[in-house]
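One letter stands for each residue in the lines below.
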Amino acid sequence: MDSATATSVEIPTRGASLRRTDVAANGTSVEVIASDGHTNGEKKTFAFKKYRHVTAVHSMSKPSTLSHDARALPSFLGFRNLMVIVLVVGNLRLVIENMQKYGNLICITCHDFRRQDVILGFLLYILVPCHLFIAYSFEWYAAKQARISRAQSMSKGGSSSPTEDQQARFESKWKSIRRAHLFNATLALAVNSWVVYFHVFHPLIGTITELHIIIVYMKVVSYALTNRDLRHAYLHPVKGELALLPELYEQCPYPQNITMSNLTYFWWAPTLVYQPVYPRSEKIRWIFVLKRLGEVVCLSVFIWFCSAQYAAPVLWNSLDKIDHLDFVSIVERLLKLSTISLIIWLAGFFALFQSALNALAEVMRFGDRSFYDDWWNSAGLGDYWRLWNKPVYQFMKRHIFSPLIGRGWSMTSASIAVFFVSAVLHELLVGIPTKNIIGVAFMGMLVQIPLIWITRVFETMKGPNGRLIGNCIFWVSFTVLGQPFAALIYFYAWQAKYGSVAKKMASNQTAVTS
């Protein structure tokens, strides 16, 4: 039969009446005619057009899917799923190996919380915010004087622009108030850090207490500096000063913001930057609060489990390697610790910034919930420090970086000043609770400056490759060279001072002297 001739096939059927025409992808035409089986034996007929072997498979130029000149990037969702599976399987193997080697290390009743540590931690938590209310008394007095000065100036028909004499008096009063605020904030930080260093033995209780002290210290500083500028604009309401005030502040202008309730809200608000007014949500969603608190509890238990079952054995096994300066074994310990420390850190980040702060913000009806941005996509260390902890970043930018730039400092000098202050606070936060002010956290923050300069090249590089390289450098420095190294050093320093290394050193010294 000729290739253009249709071929008919007749097949008896008892099916229902049906007529269908299908066109196959290869050009074959299929016609199906069927009738009910009860109509005197009518038959189903199929009509086919014969296939031709001339379809143009290669009809245009196309690059390979993974080539650089591909028209569109393919989706790597499957590879992501594979990586997750490999990660889960690999860590499951480590879980089994850990259980076989160490057994169950979880003990709910085994803790070394001293009664004195708990009592002191609770007392400090109550007493430290008193320094905020001492700062309120200073600002209340300053606001009272500002009202008197404003009334006298208006009664004399004075200009809103400050004269040289008025500006000199303002600066003189501000110096006195600044000294009072500085003494109050420094006293809070110094005295309470001294109590934690010498009288709170447990590192966890000490860390929580020291973190609270630093938070209150930063809030006192922000409260004083913000009200200083608000007071200046109130006394000298020239157009330039008023234009700098956000429109949001009109809801509670100075000095109406100097109230106990306003300060109490700032004390509990999940921010380090003082404002007379914050964006507020309409109502409290208590179901949302309970969910976030549930996440905090579950993640806290997970962190405790990972720390006790997996991180602690690695740290203990590294003591001998550090003691003998076995660098190959130390690197191996670092790499082994990097995985579990990253998991613990990520869980802690989510528990604090996503769960705890959102729960607190919901209770306080605090509207701005931008506590972090997508820091995991950082193309460099600079991106990371701007994105991962926005409350601290906003404090540093508003009260240190921007004022220094306004005074004529260069961007580099202002950035170094910011990281110096941050380095001091990090050393206090880590060194005070562990009783080891050895400068590791301090130097770790200062080292960020050259790393930021190095990775800035990749941040500004055109194309995706620059950001890819910068992101890899960020993750390597963060997961391998950063946290695991600091954890090893401070754990060894703690054990050298109070634990097994200290006992070993004491026994060796006794053996030598005998």
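Just above sits the structure.
The notes below deal with the structure included here. None of these values were measured; they are calculated from a predicted model. (Residues numbered from 1 in each chain as written. Predicted model: local features only at pLDDT ≥ 70, side-chain atom pairs only at ≥ 80, totals over all residues. Heavy atoms only, no water.)

Broken down by element type, the chain carries 17 helices and four strands. Here the chain holds 514 residues, and the buried ones make up 36% of them. Counting only contacts in the chain whose residues sit at least 6 apart along the sequence, the fraction spanning at least 24 positions is 71%. For the chain, the exposed surface amounts to about 30900 Å²; the carbon and sulfur share of it is 66%. (Helix = DSSP H or I, 4+ residues; strand = E, 2+ residues; numbered from the N terminus. Buried < 20%, exposed > 50% of the residue type's maximum accessible area, 1.4 Å probe, protein only. Contact = heavy atoms within 4.5 Å. Areas by Shrake-Rupley, 256 points an atom, 1.4 Å probe, with all protein chains shown as cover.)

Residues Y223 and W375 are the most contacted members of the largest nonpolar core, which totals 66 residues. If one sorts the elements of this core by residue count, helix 5 (residues 203–235) sits on top with ten residues. Setting aside its immediate chain neighbours within four residues, Y223 contacts A135, Y136, E139, I258, L263, F266 and Y274. Residues I303, V314, I322 and L334 belong to the second largest nonpolar core, which totals 19 residues. (Core = buried A, V, L, I, M, F, W, Y, C linked by side-chain atoms within 4.5 Å.)

A separate point is unusual backbone geometry. Along the chain, Y254 connects to P255 via a cis peptide bond; the corresponding omega equals 5 degrees. By secondary structure assignment, the location of P255 is in the loop between helix 6 (239–244) and helix 7 (260–268). In this structure, R365 is a non-glycine residue whose phi angle is positive, near 55 degrees. Counting through the fold element by element, R365 comes out in the loop between helix 9 (327–364) and helix 10 (381–387). R365 sits in the partly exposed class, given a relative accessible area of 28%.

Where helix 9 bends most, at S338, the angle is about 30 degrees. Note on helix 9: the residue one or two positions beyond its end, R365, has a positive phi of about 55 degrees. (Bend = angle between axes of the 7 residues up to and from the residue.)

This part covers the pattern of salt bridges. The full count for this structure, using the stated rule, is eleven salt bridges. One salt bridge connects E362 with R285, and the closest N-O pair in it is separated by 3.1 Å. Here E362 is found in helix 9, whereas its partner R285 is found in the loop between helix 7 and helix 8 (286–323), with 77 residues between them in sequence. Residue class for R285 comes out partly exposed when judged on its relative accessible area of 43%. We note a salt bridge from R292 to E295, for which the minimum N-O separation is 2.7 Å. Separated by three residues within a single helix, R292 and E295 lie in helix 8, roughly one turn from each other. A single salt-bridge network, built from bridges that share partners, covers R285, E362 and R369. (Salt bridge = Lys/Arg side-chain N within 4 Å of Asp/Glu carboxyl O.)

Here we take up a nonpolar patch on the surface. Residues I119, F122, L123, Y125, I126, L127 and W268 make up a contiguous nonpolar surface patch of roughly 670 Å² in combined accessible area. In terms of residues, the nonpolar patch owes the most to one element, helix 2 (residues 115–127), which gives six residues. Along the chain, L127 falls in helix 2. For L127, a relative accessible area of 48% corresponds to the partly exposed category. (Patch = residues over 30% accessible without salt bridge, like charges linked within 9 Å, V, L, I, M, F, W, Y side chains within 5 Å.)

The subject of this paragraph is the packing of aromatic side chains. What the rule picks out here adds up to 38 aromatic pairs. Centre to centre, the rings of W316 and F491 are 5.5 Å apart; their planes meet at 85 degrees, and the pair counts as edge-to-face. Remark: F491 occurs in helix 16 (residues 483–498) and W316 occurs in helix 8; sequence separation between them is 175 residues. Look at W316 and you get partly exposed, because its relative accessible area is 43%. (Phe/Tyr/Trp six-rings, centres within 6.5 Å; stacked < 30°, edge-to-face > 60°.)

What follows concerns helix 16. Compared with the 22 Å implied by 1.5 Å per residue over 16 residues, the 22 Å span of helix 16 between its first and last C-alpha is a close match. Buried residues of helix 16: P484, L488, Y490, F491, Y492, A493, W494 and Q495, and no others. (Expected span 1.5 Å × (residues − 1).)

With that settled, consider a positive patch on the surface. A surface patch of like charges, here positive, comprises K175, R178, R179 and R407. Relative to the elements of secondary structure, R179 occurs in helix 4 (residues 164–199). (Lys, Arg positive; Asp, Glu negative; His and termini not counted. Charge placed at Lys NZ, Arg CZ, Asp CG, Glu CD.)

Take the packing of helix 2 against helix 5 next. The geometry of helix 2 relative to helix 5 is characterised by a closest axis approach of 10 Å and an angle of 10 degrees between their N-to-C directions. Comparing their axes, helix 5 and helix 2 come out roughly parallel. Residue-level inspection shows D117, V118, G121, L124 and Y125 of helix 2 in contact with helix 5, the latter providing I205, T209 and H212. Here the contact of helix 2 with helix 5 is composed, by residue class, of four nonpolar, three polar and one charged. (Axes fitted to C-alpha atoms, helices over the stretch in contact; angles between N-to-C directions. Parallel < 35°, antiparallel > 145°, perpendicular 65-115°, else oblique. Nonpolar A, V, L, I, M, F, W, Y, C, P; charged D, E, K, R; others polar.)

Bringing the side chain of S318 into the picture now. Within the secondary structure layout, S318 lies in helix 8. Judged by relative accessible area, which is 2%, S318 ranks as buried. In contact with S318, not counting residues within four places along its chain, are R333 and L488.

Further remarks concern the environment of G466. Here G466 is to be found in helix 15 (residues 464–479). What makes G466 buried here is its relative accessible area of 0%. When the C-alpha atoms of G466 and A379 are compared, they prove to be 7.7 Å apart, with 87 residues separating the residues in sequence. Those residues in contact with G466, other than ones at most four positions away along the chain, are F458 and M461.

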